[in-house]
Every structure is written in structure tokens, then in C-alpha cells.
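Chain by chain, the residues run as shown.
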Amino acid sequence: IGNPPYINVQLMSEEDKTLYKKLFSSFFKRCDIFALFIENGLSLSSSDGILTYIIPSVIHSNLSYQKIRDMILNKHWLAEVCYTGGKVFNAPTVDTTIIRCNKHGNDKIILKDAVNFSCHKIYEVDKDYFSKFQNVISIGERNTIYDKLFNKDFITIGSAFTVFQGIVTGNNPAFIFENEDDAHSHGVDTALLHPLCHGRDIGRYEIKSRERRIIYIDNSIDIEDYPNTEKWLLDFKEQLSKRREAKKGIISWCGLQWPRVKSELDIKDKILIQNTRNESLKQRLVATIDDSGVYSTQGINFIIPKEEGISLYFILGILNSKLMNYLFATKFLNLAIKAEYLKKVMIPSESNGNIITIVKEILHTIRLN
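Read on for a plain summary of the structure. As the structure is a prediction and not an experimental result, all values here were calculated from the model.

The rules we used
Residues numbered from 1 in each chain as written. Predicted model: local features only at pLDDT ≥ 70, side-chain atom pairs only at ≥ 80, totals over all residues. Heavy atoms only, no water. Helix = DSSP H or I, 4+ residues; strand = E, 2+ residues; numbered from the N terminus. Pairing = 2+ DSSP bridges. Axes fitted to C-alpha atoms, helices over the stretch in contact; angles between N-to-C directions. Parallel < 35°, antiparallel > 145°, perpendicular 65-115°, else oblique. Left-handed = near helix turned anticlockwise from the far one by under 90°. Contact = heavy atoms within 4.5 Å. Nonpolar A, V, L, I, M, F, W, Y, C, P; charged D, E, K, R; others polar. Buried < 20%, exposed > 50% of the residue type's maximum accessible area, 1.4 Å probe, protein only. Polar contact = N/O pair within 3.5 Å; in protein donor to acceptor, adjacent residues only side chain to side chain.

Another point: unusual backbone geometry. Phi angles above zero are rare outside glycine, and His-76 is one such case at about 60°. The backbone phi angle of Arg-260 is positive, close to 65°, even though this residue is not glycine. Structurally, the position occupied by Arg-260 is in the loop between helix H10 (244–247) and helix H11 (262–265).

Below, the structure written as C-alpha cells:
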């Protein structure tokens, strides 16, 4: 079993990225170099060649590996997937999977769930099975649940809602405070402060705390208009100026690294979903609703409506259901509950009044307690 190197695109030089993009059709977005080893290995092998690699399980569904998935699935080269989960290596501490490809083609794909290695489960699907799911690979028995979840009469969340990850500051100590008093004690201007949640600040149907505050600065803000805040940030200027976006001139030295769209953050009614959930956790999705315009770091994904129509309470009920939990424990299994996965979730085009009523009752009960 080959074990190619795992090197994230963020650790590559611009020269290397330019070269890889030119030489490899699978190099896409934030692709890791192990995907290039798959493409190169298959390119070098004969028509009867077999390639077996143990690699990070992000290949199953991450958008950055769409092109390598398309290659091995559309050409029917994928013969077997064995999901091994975490703790396979002492280092790196990454969830892994073993893929076996052969170039003579396969009528079936063997799927093995080997997280419990001594009691693994084996399934089998047709060679074109994953095409109906945009070539997202899942480890689980083929059943009618997926057919119902990906009903052709449904619409995707991404078509009716804007889904995005929270703010990336590039330096949390410079921008985030435990509460407003803490921020004021450092002289930060109130006009730049906004309520903030980390992923750990929310639960199913609840926001545990809105006490944290974040300094929101994007390119529309002139820091010289806020001398007190500028004074506070000057202590971090050397570190902030070294951020990639600041060095390229995309952001000012004192701006948030990825501030997101302020008008979307300011929307009061939006769904918040924890972005990081260990694959072994029984509860994969943790979502709630915000009605106060809270901001967030990258530990949370937001869902906001593009226009009036489907109720957020209806969507919240779906996301916190056992059915969606099953989907994210099988088809979208990953440490991160990525915005790209959430966009692909399919929903009825009309809200269900009974679900809305139940969700509102749950929210009301939790707030009372």
C-alpha cells in the first residue's frame, strides 16, 4: 500500500503551484499533493495496472478533489474504498482511507467501513452509483434513503440560500475579546465591535453565549477614523502585516484576513452550524437559529435566505434531524461540516408547517430553561 506525501497547497510555493496546475489536471482549488500522486501513478501504470494508496479521507467529498474523483469514477478505475478513520498513524493525525484503482475497468465498487477494524462492514455498489451524487463518495450500504434524500423533485439548499463560513481574522488575539468590557478596557471603539460566536458557543437549537466581541474591519473602513482601535492594533502590526493577503495588498495591515460580507453578517435571522465535528461523534450536525445579527469565526457556517420563501425554521428542523445526521455520517463524512456540503443538501421546495411549529416550540422551551 503506497503512502504518498500529504502536503497542503498552503505550504507550497507559488512557483510549485503554477507548475502543478500546468502539469496535472487534478490540481484544483486547495488540493493536497497526494492527489497528484494518484494522477501520476495512474498515468504511469499499464492498462492492467493497479494502484493502492492510503490517503486522507477528504478525497471522498471535498470540492478540491472533485477532479481526481471525476477521473477515477468516470473512467471506472475505482475498484475499492476502505475507510479507516483516524488513529492509523501516530502522525499525521488525519482521517485516512485506502483506495484501490485499476485501469482495466470495474463493474462494481467495493466499499469497506473499517473504522472498527476488527469488525468492518463491506458493501458493494454499481460502477456509476456515485454519479447521481456529483461523484461524492460515501461509505455505507446502498439503500433507498439516499434515493429519497436526493429526490430529483427537491431543490438544493445552495439554490435557495446563501451558505458561507464565518470570518477568518488571521490573528484572533488582535481582533477577538471575551466580552465588551474587555474590549473597552483596551480602548477599542464601540462602533467597530460586534457580538461573536465561536463554534463551541452554540448547541442544537441554542446559542449558549453572545458575550464575545470582534473588531470588524474590512477595506471600506479607514483605521485612522478610529485612533483608539488603531492604537490597540499597532501592537500587532508586525504580525498582521505578514499575513498573505496583507503582503499582497488585498487587505490593509489592520483588516480582517477574510472579513466576509458585512451586510450578510448583519442579517438577524440566519442559521448557524458548527463547522468542526469529529467524525467519531454520534451527533454530526449541530445547528441553531440567530435573530440578533451575531457574527462568527470560521468555526461556524451561516445559512441565510436569498429571498423570501422557504422558512429558516423548516431548514433548521431538517438539519437537526436524525436523517441529516445519517447523511453527514456517511456521504459527507469529514472533520469539517463544509459549506459546500451544506449547499448540496436537497430539500422540498415548500416548507412544512408542522416542522416549523415543532422547531419554534423547541427553541422556546430551550430559551426558557
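Read across the open sheet, the 4 strands follow the order E7-E16-E13-E14; overall the sheet is antiparallel. The open sheet has two edge strands with one neighbour each: strand E7 (161–165) and strand E14 (287–290). Between one strand axis and the next, the sheet turns by 25° as a mean value, whatever way the strands run. Sheet analysis places strand E13 (residues 270–274) next to E14, joined by 4 bridges and oriented antiparallel. Looking at E14, one finds that Lys-270 is bridged to Asp-290.

The subject of this paragraph is the packing of helix H2 (residues 34–44) against helix H3 (residues 66–74). It is at 10 Å that the axes of H2 and H3 come closest, and there the two elements cross at 30°. By the criterion of interaxial angle, the relationship of H2 to H3 is roughly parallel. Helix-helix and strand crossings are classified by hand; for H2 and H3 the assignment is left-handed. Note on element contacts: H3 touches H2 through Ile-68, Met-71 and Ile-72, opposite Ala-35, Ile-38, Glu-39 and Leu-42. Its residues placed into classes, the contact of H2 with H3 shows 6 nonpolar, no polar and 1 charged.

This brings us to the sheet that holds strand E4 (residues 108–113). The strands making up a sheet associate through backbone hydrogen bonding, with each pair oriented either parallel or antiparallel. Reading across from one edge, E1-E3-E2-E4-E5 is the order of the 5 strands in this open sheet, with mixed pairing throughout. Edge positions in the open sheet fall to strand E1 (50–56) and strand E5 (121–126), since each of these has one partner strand only. Between one strand axis and the next, the sheet turns through 15° on average, direction left out of account. Across 6 bridges, the pairing between strand E2 (residues 78–85) and strand E3 (residues 96–102) is antiparallel. Within E3, the position partnered with Val-81 by the bridge is Ile-99. Contacts between H2 and the sheet are confined to E1 and E3, with E1 contributing the most and set at about 180° to the helix.

A few words on H2. Of all the positions in H2, only Phe-34, Ala-35, Leu-36, Ile-38, Glu-39, Gly-41 and Leu-42 are classed as buried. The elements touched by buried residues of H2 are helix H1 (14–23), E1, H3 and E3.

This next bit is on the side chain of Asn-275. Tracing the backbone through its elements, the reader meets Asn-275 in the loop between E13 and E14. Among the polar contacts listed, one links the side chain of Asn-275 to the backbone oxygen of Gln-298, at a separation of 3.4 Å. In this view, Asn-275 contacts Gln-165, Gln-298, Gly-299, Ile-300, Asn-301, Leu-335, Ala-336, Ile-337 and Lys-338; residues no more than four positions away in its chain are not counted.

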